[in-house]
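Architecture and fold: a report
Single-letter residue listing:
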Amino acid sequence: MLYIGNCPSLIHLLQLCYSFSLAMADGSRDIFSALDNAKTQLYHFKAIVIAGMGFFTDAYDLFCITAVTKLIGRLYYYDPSKGEPGKLPKNVNNAITGVALCGTLAGQLFFGWLGDKLGRKQVYGITLITMVGCAFASGLSFGSTPHSVIASLCFFRFWLGFGIGGDYPLSAVIMSEYANQKTRGAFIAAVFAMQGVGILVAGAVAMIVSKSFLVAYKAEVFSKNHVLSTQPEGDYVWRIVLMFGAVPAMLTYYWRMKMPETARFTALVRGNHEKAAADMAKVLAHDILVDESRPKIPTVPNPSYKLLSREFVRRHGLHLLGTTTTWFLLDIAFYSLQLTQKDIYPATGLVPKASSMNAIEEVYKISKAMFLVALFATVPGYWFTVFLIDRIGRFIIQLGGFLLMSIFMAVIGFQYNDLRGYKDKCPSDSTDEFCEGKPYLFAALYGLTLFFANFGPNSTTFIVPAEIFPARFRSTCHGISAAAGKAGAIIGAFVVQNYTQNDEKTKRAIVSLSVVNLIGFLFSFLVPETKGKSLEQLSGEDVNEGDSEGVKKADDTV
């Protein structure tokens, strides 16, 4: 061995660094092997419920507003001179449904970054408290004028969305880092499937609450009494529906705080293999042994490259481009479909025209339709993904979903008038808003679109970003991908909704969404298949990557 003065040579330093990297790799391998090969056990299902309940709350809070916006319009924006039920102005409707999405986008970026800095567990409780508090506050929105009530509601729903945003990257990453290799896709998909359950329960709760008030406070339909058809008690209906979203999340707070930090974060980001092994031994059916005789490594490993550096772009740039663009394009279509359900339902024959109902009855009819669509189209799509994703892979599900969504929406768009029917062909005493259409075919096509959104890119765009990036960037990159999706959702809320409020423009909007899905199909080719591979293989954190290889080459050369 050569020495320069009292200092070891460069070769010796490289060999020392290499021995440290091997120690790190060997210690990590013990832990990751135990996690990847662990049998499916009770704790996996417990983690699904704990993480999934956050997603249940996310979906409930984001989509329950669909059931009550028309009621809010009747209560606060009735104009006697128009001779029709009160209706939210376009900008107010867009703000109420879209402001939570703006908060979600900000929360995904902030909490995604924070999850990589402080740890998944530390940030997880903050998001839940934010959601619970703001869900309650949304129902208590105050003000002496309609504008002040709406402003208060929008304020609290923005911060509700901020908390919801944090749950996206954290829930996905926590589940991916807890799961075993064989069933990782199904576990992450099961967490995301709670979104469908949240949509289903949002319809059910709105239906139960509105039905209870409808029985207690009867009123004539709007066509018979313009004023008394809007029950003042309806002001309690929308508030109760919004506040209920806080209850399930609040019940899981204790268990969320008891979850240990994920072993992959503790080992790969903190560099503490013994702590990672001890944490996992608490939840797995056997101990994880780490050889303590190996050389100690630095507490916080020094990453070989930083986020968005040239090396990051070389290794993961196309992956990040693929996950962001596909999620962005998917959410334009998916949230347009979800947030405009109240406008689509009359066209499918699921909801009668507004003048044939009183205010609370309209909530009941809309929420009933929302419940049925979720039960027969939305929820099954999620669970098809859970059962099949580890058999046929993420890539095929995403491609097939985008393609079939595009086809079904193209059919709906080009045949829109024939499927929907016409207002001027309805008899004067008809309760239907459109007549001589094909409502059953329309409803079937709409349901199939939602089914293949969820048994398709709506699930896979959530799953893949939690698998393909290094542990130290995983939460941040998932947050960036999810935020891109919410940018698409905001377009759906503030742009596409304007078109669905106009009969002629609706057709063009649906055809445009078909094209958006087709573009998503093409960008899906940037996203790799992750089925059957470990997180370390996918992210390049396995033993042979990066600097270790460079040290070996240097050693061999000298």
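Remember, it's a predicted structure, so these values are computed and weren't measured experimentally.

**Section: the packing of aromatic side chains**
With the rule as written, the count across this model stands at 35 aromatic pairs. Ring centres of phenylalanine 192 and phenylalanine 462 lie 4.5 Å apart, and the angle between their planes is 20 degrees; this geometry places the pair in the stacked category. On the criterion of sequence distance, the pair formed by phenylalanine 192 in helix 7 (residues 184-216) and phenylalanine 462 in helix 19 (residues 457-463) is long-range, its members being 270 residues apart. Here phenylalanine 192 falls in the buried class, since its relative accessible area comes to 2%. Exposure remark for phenylalanine 462: the relative accessible area of 0% places this residue in the buried category. Considering the side-chain rings of phenylalanine 334 and tyrosine 335, the 5.6 Å spacing of their centres and the 85 degrees angle between planes classify their relative orientation as edge-to-face. Residue classification places phenylalanine 334 among the buried residues on the basis of a relative accessible area of 0%. Members of the aromatic cluster, each reached through a chain of ring pairs, are Phe55, Tyr168, Phe192, Trp327, Tyr382 and Phe462. One cation-aromatic arrangement involves lysine 211 over tyrosine 364; the distance from NZ or CZ to the ring centre is 5.0 Å.

**Let's talk about the packing of helix 3 (residues 65-76) against helix 6 (residues 146-178)**
Where helix 3 meets helix 6, the closest approach of the two axes is 11 Å, and the angle between their N-to-C directions is 160 degrees. If you check the angle between helix 3 and helix 6, you find them roughly antiparallel. Considering how the two elements wind past one another, helix 3 and helix 6 form a crossing that is right-handed. Within the contact between the two elements, helix 3 uses Ile65, Ile72 and Tyr76 and helix 6 uses Pro146, Val149, Ile150, Leu153 and Arg157. Residues that form the contact of helix 3 with helix 6 fall into these classes: seven nonpolar, no polar and one charged.

**Side note on unusual backbone geometry**
The phi dihedral of leucine 308 falls on the positive side, at around 65 degrees, and the residue is not glycine. By the element assignment, leucine 308 lies in the loop between helix 12 (273-283) and helix 13 (310-339). With a phi angle near 60 degrees, glutamate 436 is a residue other than glycine that sits in the positive phi range. As for its position among the elements, glutamate 436 is in the loop between helix 17 (416-420) and helix 18 (439-454). We classify glutamate 436 as exposed; its relative accessible area is 59%.

What counts and what doesn't
Residues numbered from 1 in each chain as written. Predicted model: local features only at pLDDT ≥ 70, side-chain atom pairs only at ≥ 80, totals over all residues. Heavy atoms only, no water. Phe/Tyr/Trp six-rings, centres within 6.5 Å; stacked < 30°, edge-to-face > 60°. Helix = DSSP H or I, 4+ residues; strand = E, 2+ residues; numbered from the N terminus. Buried < 20%, exposed > 50% of the residue type's maximum accessible area, 1.4 Å probe, protein only. Lys NZ or Arg CZ within 6 Å of the ring centre and 35° of its normal. Axes fitted to C-alpha atoms, helices over the stretch in contact; angles between N-to-C directions. Parallel < 35°, antiparallel > 145°, perpendicular 65-115°, else oblique. Left-handed = near helix turned anticlockwise from the far one by under 90°. Contact = heavy atoms within 4.5 Å. Nonpolar A, V, L, I, M, F, W, Y, C, P; charged D, E, K, R; others polar.

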